[in-house]
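So you can see what is in the structure, the chains are spelled out below.
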Amino acid sequence: MKEELRDRYNAVHEAIVQAARTSGRSVSDIALLCVTKFHPISVIFDLLALGHRLFGENYVQEAREKSRQLEEAGFDGSSLFHLIGALQRKKASQVVGNFAMVHSVDSQALALALEKACVQKACTQAILLEVNVGDEAQKAGVNPKDAQALAELIQGQCPHLDLQGLMCLPPVFDAGEAARPYFASLRTLRDELATHTGLPLPVLSMGMSGDFIQAIEEGATIVRIGTAIVGPRPVRAV
Ligand SMILES: *Cc1c(COP(=O)(O)O)cnc(C)c1O
């Protein structure tokens, strides 16, 4: 298993290097977030042993438990994890200060809850706005037309939130080229928001196992890759 993991990890890394090269980008501008949701802590320890230091988790409880186990082993848990899954407002206080970045801020209410939790904990929190690029009714994410108002609210009323950019989950996945227009639209939206707010917004979190090459070609600075590295997800296990 360990060798298989190492081979997959190296293959993904090589594919990222290639995609950066063909799109004229520097590989140091692209961070690989290994998505480990539902996988046991042993997988994270194996990836740490390979030198990897950045993990994506979807569920607050699961991530906090894994972080606790890493801290027992001497790692700085909160610097290793990004929260990429939907976040309920009531969990804001369990999140701020415990994740290097939160990718899923998609409403004014959630932004204000995170801000309040930061004030209580006297910390700041790096965040991304999750954008519903496919304008899908049931999907998480702020509608593209409402993104500017949300960014302005954060800029004006949330001094403890460090808005660094945008994240998306396109309506198609494992479909490579079909996702490309959505990645391009997220980049365009980022450029517009940066112009309107004056914030640099350097981060674009986009691309998963089936479409990270296209995402890099369209400007991704964080790719979130699970299956291609750690294999199929167990149904549910921590
Ligand atoms: C699970 C998940 C991923 C990883 O997906 P893979 O297809 O396994 O690479 C990336 N981003 C989000 C938001 C996820 O929930």
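What follows covers the overall build of the chain. Of regular secondary structure, the chain possesses 10 helices and 8 strands. What you see for the chain is a C-alpha radius of gyration of 17 Å, in line with the 18 Å of a compact globule of 238 residues. Overall, the C-alpha framework of the chain stretches about 50 × 40 × 30 Å when taken along its three principal axes. For the chain, the residues scored as buried account for 50% of the 238 residues in total. Taking the intrachain contacts of the chain between residues at least 6 apart in sequence as the baseline, contacts between residues at least 24 apart amount to 63%. When the 23 positive and 27 negative side-chain charges of the chain are each reduced to one mean point, those points stand 5 Å apart.

As a matter of local geometry, the ligand sits amid 13 residues, with Lys37, Asn58, Ser209, Gly226 and Thr227 nearest to it. Between Lys37 and the ligand, the recorded distance is 2.8 Å, taken from a side-chain N or O atom to an oxygen atom. Arg224 has a polar side-chain atom sitting 2.8 Å from a nitrogen atom of the ligand. The fraction of the free accessible surface of the ligand (390 Å²) that becomes covered by protein chains is 92%. Under a 2 Å grid-point criterion requiring more than half of the atoms, the pocket assigned to the ligand is the largest pocket.

If you trace the backbone, Arg180 turns up in helix H8 (residues 180-197). For Arg180, the side chain forms a polar contact with the side chain of Glu217, separated by 2.7 Å. A distance of 2.9 Å separates a polar atom in the side chain of Arg180 from a polar atom in the side chain of Glu218. Setting aside residues up to four positions removed in sequence, Arg180 forms contacts with Gln214, Glu217 and Glu218.

To continue, consider the pairing of strand S8 (residues 222-225). Burial along S8 is two-sided: Ile222 and Arg224 facing one way and Val223 and Ile225 facing the other are all buried. Two elements, strand S1 (residues 31-35) and S8, share 4 bridges in a ladder whose sense is parallel. Each residue of the ladder has a partner; that of Leu32, found in S8, is Val223.

Moving on, we come to the layout of surface pockets. Of the pockets and cavities examined, the largest pocket occupies roughly 440 Å³. As for the largest pocket, its lining consists of 19 residues, and the residues nearest its centre are Lys37, Asn58, Leu169, Met208 and Arg233. Looking at side-chain class alone, the lining of the largest pocket contains 8 nonpolar, 6 polar and 5 charged residues.

Ile16, Leu47, Ile154, Val223 and Ile229 are the most contacted members of the largest nonpolar core, which has 67 residues in total. In contact with Ile154, other than residues within four places in its own chain, are Ala111, Ile127, Leu129, Pro159, Leu161 and Leu163. Core analysis: the next-biggest nonpolar cluster, separate from the first, contains 10 residues, Leu33, Met101, Leu128 and Val203 among them.

Okay, the packing of aromatic side chains next. With the rule as written, the count across this model stands at 3 aromatic pairs. Ring geometry for Phe38 and Tyr59: centres 5.7 Å apart, planes at 10°, overall stacked. In this pair, Phe38 is assigned in the loop between S1 and helix H2 (41-49) and Tyr59 in the loop between strand S2 (55-57) and helix H3 (60-72), connecting sequence segments 21 residues apart. We classify Phe38 as buried; its relative accessible area is 13%. The interplanar angle of 50° and the centroid separation of 6.1 Å between the aromatic rings of Phe55 and Phe81 together place this pair among those described as tilted. Of the two residues, Phe55 is situated in strand S2 and Phe81 in strand S3 (residues 81-83); the sequence distance between them amounts to 26 residues. Look at Phe55 and you get buried, because its relative accessible area is 0%.

What counts, and where the lines are drawn
The written sequence of each chain sets the order in which its residues are numbered from 1. Two thresholds apply to this predicted model, a pLDDT of at least 70 for residue-level local features and 80 or more for giving and counting side-chain atom pairs, whereas whole-chain, interface and lining totals are computed over all residues. Excluding hydrogens and water, the side-chain figures rest on all heavy atoms present in the structure. Strands here mean DSSP runs of E at least two residues long; helices mean DSSP runs of H or I at least four residues long; both are numbered from the N terminus. The atom set for the radius of gyration is the C-alpha atoms, and the globule formula is 2.2 Å times the number of residues raised to the power 0.38. Only protein chains enter the accessibility calculation, which uses a 1.4 Å probe. A residue is then buried if its area is under 20% of the maximum for its type, exposed if over 50%, and partly exposed in between. Contact criterion: two residues are considered in contact whenever any of their non-hydrogen atoms come within 4.5 Å of each other. Charge convention: Lys and Arg are scored as positive, Asp and Glu as negative, and His as well as the terminal groups of each chain are ignored. For charged residues, the charge sits on one atom: NZ in Lys, CZ in Arg, CG in Asp, CD in Glu. If a single non-hydrogen atom of a residue is within 4 Å of a molecule or strand, that residue counts as near it. Polar contacts here mean pairs of N or O atoms no more than 3.5 Å apart (in protein, one a potential hydrogen donor and the other a potential acceptor; neighbouring residues in sequence count only if both atoms are side-chain atoms). Surface accessibility in these figures is a Shrake-Rupley result with a 1.4 Å probe; residues are shielded only by whichever protein chains are displayed. A 1.4 Å probe that fits but cannot get out identifies a cavity on a 1 Å grid over protein atoms alone, an open set with protein on both sides within 12 Å along at least five of seven lines counts as a pocket, and a residue lines either if it has an atom within 4 Å of a point. A molecule is counted as occupying a cavity or pocket when more than half of its atoms fall within 2 Å of that pocket's grid points. In this description, strands pair whenever DSSP reports at least two bridges between them. Grid points are joined across faces, edges and corners, and a volume is the space filled by probe spheres set on the points. Residues are grouped as follows: Ala, Val, Leu, Ile, Met, Phe, Trp, Tyr, Cys and Pro are nonpolar; Asp, Glu, Lys and Arg are charged; all remaining types, including Gly, are polar. Nonpolar core, defined: a set of buried Ala, Val, Leu, Ile, Met, Phe, Trp, Tyr and Cys residues in which side-chain atoms within 4.5 Å join the residues together. In this scheme Phe, Tyr and Trp rings, the latter by its six-membered ring, pair at centre separations within 6.5 Å, and the angle between planes marks the pair as stacked below 30 degrees, edge-to-face above 60, and tilted otherwise.

As far as function goes, none of this settles anything; it's purely spatial.
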